[in-house]
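Topology and contacts: notes
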Amino acid sequence: MKTISTEQEYREQIKQDELTVGIFTTTWCPDCKRLDMFIDDITAEHQDKKWFTIDKDEFPEIAEEQTVMGIPSLLVFKNGEKIAHLHSANAKTPDQVNEFLNNL
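Report on the accompanying structure. What you see is a predicted model; the values in this text were computed from it and never measured.

Bringing the overall build of the protein chain into the picture now. Of regular secondary structure, the protein chain possesses 4 helices and 5 strands. Expected size for 104 residues packed as a compact globule is a radius of gyration near 13 Å; at 12 Å, the protein chain falls within 12% of this value. The principal-axis extents of the C-alpha atoms in the protein chain amount to approximately 30 × 30 × 20 Å. Across the 104 residues that make up the protein chain, the buried fraction comes to 47%. Excluding contacts between residues fewer than 6 apart, the proportion of contacts in the protein chain whose partners are at least 24 apart in sequence is 67%.

Together, D36, D40, D41 and E45 make up a region of like negative charge exposed at the surface. Residue position: D36 is located in helix α2 (residues 30-45).

An ideal rise of 1.5 Å per residue puts 22 Å on 16 residues; α2 measures up with 24 Å between its terminal C-alpha atoms. Along α2, the helix axis deviates most sharply at F38, where the bend reaches about 45 degrees. Among the residues of α2, those classed as buried are D31, C32, L35, F38, I39, I42 and T43. Against the buried residues of α2 lie β2 (20-25), β3 (50-55), β4 (73-78) and α4 (94-102).

Across a regular strand the side chains alternate sides, sitting on one face of the sheet and then on the other. In terms of burial, β2 is a largely internal element, 6 of the 6 residues being buried. Inspection of the sheet shows β2 paired to β3 by 6 bridges, in the parallel sense. The partner of T25 across the bridge, within β3, is D55. Between the parallel pair β2 and β3, the chain is carried across by α2, and the sense of this crossover is right-handed. Relative to β4, β2 runs antiparallel, the two being bridged by 5 bridges. The residue bridging F24 from the neighbouring strand is S73, located in β4.

A separate point is unusual backbone geometry. Following I71, the chain continues into P72 via a peptide bond in cis, with omega recorded as -5 degrees. Along the polypeptide, P72 turns up in the loop between α3 (60-65) and β4. Phi at T67 is positive, roughly 55 degrees, even though this residue is not glycine. Residue position: T67 is located in the loop between α3 and β4. A positive phi angle is found at N79, which is not glycine, with a value near 55 degrees.

What counts and what doesn't
- Residues numbered from 1 in each chain as written.
- Predicted model: local features only at pLDDT ≥ 70, side-chain atom pairs only at ≥ 80, totals over all residues.
- Heavy atoms only, no water.
- Helix = DSSP H or I, 4+ residues; strand = E, 2+ residues; numbered from the N terminus.
- Rg over C-alpha atoms; globule rule 2.2 N^0.38 Å.
- Buried < 20%, exposed > 50% of the residue type's maximum accessible area, 1.4 Å probe, protein only.
- Contact = heavy atoms within 4.5 Å.
- Patch = residues over 30% accessible without salt bridge, like charges linked within 9 Å, V, L, I, M, F, W, Y side chains within 5 Å.
- Areas by Shrake-Rupley, 256 points an atom, 1.4 Å probe, with all protein chains shown as cover.
- Salt bridge = Lys/Arg side-chain N within 4 Å of Asp/Glu carboxyl O.
- Lys, Arg positive; Asp, Glu negative; His and termini not counted.
- Charge placed at Lys NZ, Arg CZ, Asp CG, Glu CD.
- Expected span 1.5 Å × (residues − 1).
- Bend = angle between axes of the 7 residues up to and from the residue.
- Pairing = 2+ DSSP bridges.
- Right-handed = clockwise from strand over helix to strand, strands pointing away.

Geometric values such as these leave the question of function open.
Pasting the structure below:
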């Protein structure tokens, strides 16, 4: 999974013409650590999508632009448009994340 280190990288990732899932996270978030325990299995099941992570604290303007209030949040993009957003309250279990991705 790609880790975003510049705004340009982020912009390039979201403008893909295939589904791209961005995970907004931070280093200090307990729920993000919990997500880390199962996200590899989920990405393996959803290899038809591109994946990246972005640190909300490093890119607060992007988080604000995308209305990311809680973390972790999963946002799905295609051709530069956000088409789905799984808010942090609903991203706590593998079942919640899989259901979200399966309904895209």
